Structure formats: structure tokens, C-alpha cells
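Listed below, chain by chain, are the residues.
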Amino acid sequence: MPRYRLLLEYDGGPFKGFQAQADQPSVQSSLERAAQAFTGEFARMHVAGRTDTGVHATGQVAHIDLTKTWKPDVVRDALNAHLVPEPIVVLEAEEMSGDWHARFSATSRRYLYRILDRRPPPALDRTRVWWVKSPLDADAMHAAAQRLIGTHDFTTFRDMQCQAKSPIRTLDQARVRRVGQEVWLEFAARSFLHRQVRSMSGSLAEVGAGRWTADDLNAALEAADRARCGQVAPAHGLYLTGVEYGRP
């Protein structure tokens, strides 16, 4: 049974997350309907990272097993034809070995959080950035973000409903930089806790606004107490930008 890797881009706004849910629109359900319309049979879609309601992706990875072998370009184009007019696009398709898995073979996941810090609100990107009215100090945010790198108990930045067995995670990258009128926060790790990126982004925004210092952020991290988390950044500013495979 041939297995296909799919590179996906989608606007998470219309969906209740990636994972299929009864009577709720989801990215997974849309992809599986498109695959069934293409092949005439149901096939389960497996994904590298299940994004939450409203979260976008520019580099999500999934895989699907089909009973018939198709050229990868045919798989890509057929799925896209059946996804119209939904805001989901298959950018690439590639046939993989049967032991490769979109989720379990992944060694790193990368996220981007976008903040627009200007007085006027966004017109075109209102559902794609977090708008804050006051300017943020991106350099201070970057300096504070370095305190998060490494292996820590991330309970403070873990959603109360997180189902992970352990709050221990290793954050490989935390970078904050200004890009035009926006502040971009970029994170990389093998895996993240539920709403960890949004929680870290919201707390770093407190640093950027001058309400927290880097020491305050570090103290919140070391407290391992969800009550010490700053504001949780809204979902619509978050993007899954890439998944890496190979040596961790």
C-alpha cells in the first residue's frame, strides 16, 4: 500500500483545529473527503502536529495510505481540485516508505507567532496577526526568550487541559525579531505542549510591553505554575511553518 507525504498550507480560521470532530469543520475532515472523492475510498490522514482552532500552517506535513499507486503530482493536483473552495492547499506530494510516519518520524517542529504592534488595526491580516496597539521592544523579548531555551518543566506554559504525560520539553530555538511593522517570534522543538507556543508568546509580549523583565519570565518558568503564565496569545497569530525529519 503506497504511502504519500503531503506538505500542506491552510488558513485555520474556518476550522475547529486540524483533528476531525463530529459535526465540526476540521482540516483533517476536509482532506479525507477530498481523498475519498479522488480515490473512491476512505483513507485516514495522519499529521505531524494537530493544530488548534484558528491556527494556520505554511509547512504542515501529513501522510495518507492509498491502495493504488499514483504519480505524486497526480495526488497533489487531485486533492487540490477537490479542496476548492476551502482554504487548504497541498503544496507537495511524495511517495514514502511504509515505515515513515508524518508524526513519529518527525525530529523537529517550527512555529511562527506574528504580532502587529501599531496603533491602527490591520485591514487585510486581521485574522492572521495578533494586533497590539502599543509598540513592543523586540530586542528585550529576544533576550528574555533565551531563558526558555533548553530542557525545562514547562508547566507554566502548558494548558490546563494538556494531555501530555510529562511537562518536560526541550526548546531548541527561541528567536524574536522585528519584520517591518511586525514582531515575529520563532520557536523550534521536537515537540510542544498544548498551547505552549501561544503561552510563551503572550508572556514574552509582557516583556516587550515593559510590564515584565527577563527575570520575571525566568521566575515564571521556574515556578512551574500555570497561574504564573502571562496572557495567552490568540490562536490566529500562530503558524506551523515546518517539520523536519532525520537526525534530532
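Everything that follows concerns the structure shown earlier in this document.
Attention in this report is confined to the structure presented alongside it. (Residues numbered from 1 in each chain as written. Predicted model: local features only at pLDDT ≥ 70, side-chain atom pairs only at ≥ 80, totals over all residues. Heavy atoms only, no water.)

### A short note on the pairing of strand E1 (residues 3-10)
Along any regular strand the residues' side chains alternate between the sheet's two faces. Heads up, the rule is: The cut-offs for exposure are 20% and 50% of the maximum accessible area for each residue type, with area from a 1.4 Å probe on protein chains only; residues under the lower value are buried, those over the upper are exposed, and the others partly exposed. Each helix is a run of DSSP H or I of at least 4 residues and each strand a run of E of at least 2, with the numbering of both proceeding from the N terminus. At least two bridges found by DSSP between two strands are what make those strands a pair.
When you tally the buried positions in E1, you get 7 out of 8 residues, the bulk of the element. As paired strands, E1 and strand E3 (residues 56-65) are joined by 7 bridges and run antiparallel to one another. Looking across to E3, one finds that Leu8 is bridged to Gln60. Sheet topology note: the E1/strand E4 (residues 88-96) ladder contains 8 bridges and is antiparallel. Each residue of the ladder has a partner; that of Leu8, found in E4, is Val90.

### With respect to the packing of aromatic side chains
Here the distance between the centres and the angle between the planes together describe a pair of aromatic rings. We count it as follows: Working definition: a ring pair exists when centres of Phe, Tyr or Trp rings (six-membered ring for Trp) sit within 6.5 Å. Plane angles under 30 degrees give stacked, over 60 give edge-to-face, the rest tilted.
A full pass over the atoms with the stated rule returns 5 aromatic pairs. Relative to Tyr245, the ring of Trp100 lies with its centre 5.0 Å away and its plane at 50 degrees, an arrangement referred to as tilted. Taken together, the residues span a long stretch of sequence, with Trp100 in the loop between E4 and strand E5 (106-117) and Tyr245 in strand E10 (residues 238-245) at a distance of 145 residues. Note on Trp100: relative accessible area 10%, which makes it buried.

### Some points on the packing of helix H1 (residues 27-39) against helix H2 (residues 72-83)
Inclusion rule: With axes taken as lines fitted to C-alpha atoms, and helix axes fitted only over the stretch in contact, angles between N-to-C directions fall between 0 and 180 degrees. Note on terminology: angles under 35 degrees are roughly parallel, angles over 145 are roughly antiparallel, angles of 65 to 115 are roughly perpendicular, and the others are oblique. Crossing handedness follows the turn of the near helix against the far one: under a right angle anticlockwise gives a left-handed crossing, and clockwise gives a right-handed one. Two residues form a contact once any of their heavy atoms are found within 4.5 Å. As a working rule, the residues Ala, Val, Leu, Ile, Met, Phe, Trp, Tyr, Cys and Pro are called nonpolar, Asp, Glu, Lys and Arg charged, and the rest polar, with Gly in that last group.
With their axes 8 Å apart at the nearest point, H1 and H2 run at an angle of 115 degrees to one another. In terms of orientation, H1 lies roughly perpendicular with respect to H2. Pair H1 / H2 crosses with right-handed handedness. Two secondary-structure elements touch here, H1 through Ser30, Leu31, Ala34, Ala35, Ala37 and Phe38 and H2 through Val74, Val75, Ala78, Leu79, His82 and Leu83. Of the residues contributing to the contact of H1 with H2, the split by class is 10 nonpolar, 2 polar and no charged.

### Quick look at the pattern of salt bridges
We apply this condition: We define a salt bridge as a contact between a side-chain nitrogen of Lys or Arg and a carboxyl oxygen of Asp or Glu at a distance within 4 Å.
On inspection of all chains with the given rule, the structure shows 18 salt bridges. Ionic pairing is found between Arg76 and Asp73, a salt bridge with its closest N-O pair at 3.5 Å. One end of the pair is Arg76 and the other is Asp73, both in helix H2 and 3 residues apart, which spans about a single turn. The class for Arg76 is partly exposed, based on a relative accessible area of 22%. One salt bridge in this structure joins Arg177 and Glu186, with 2.9 Å as the shortest N-O distance. Judged by its relative accessible area of 27%, Arg177 falls in the partly exposed class.

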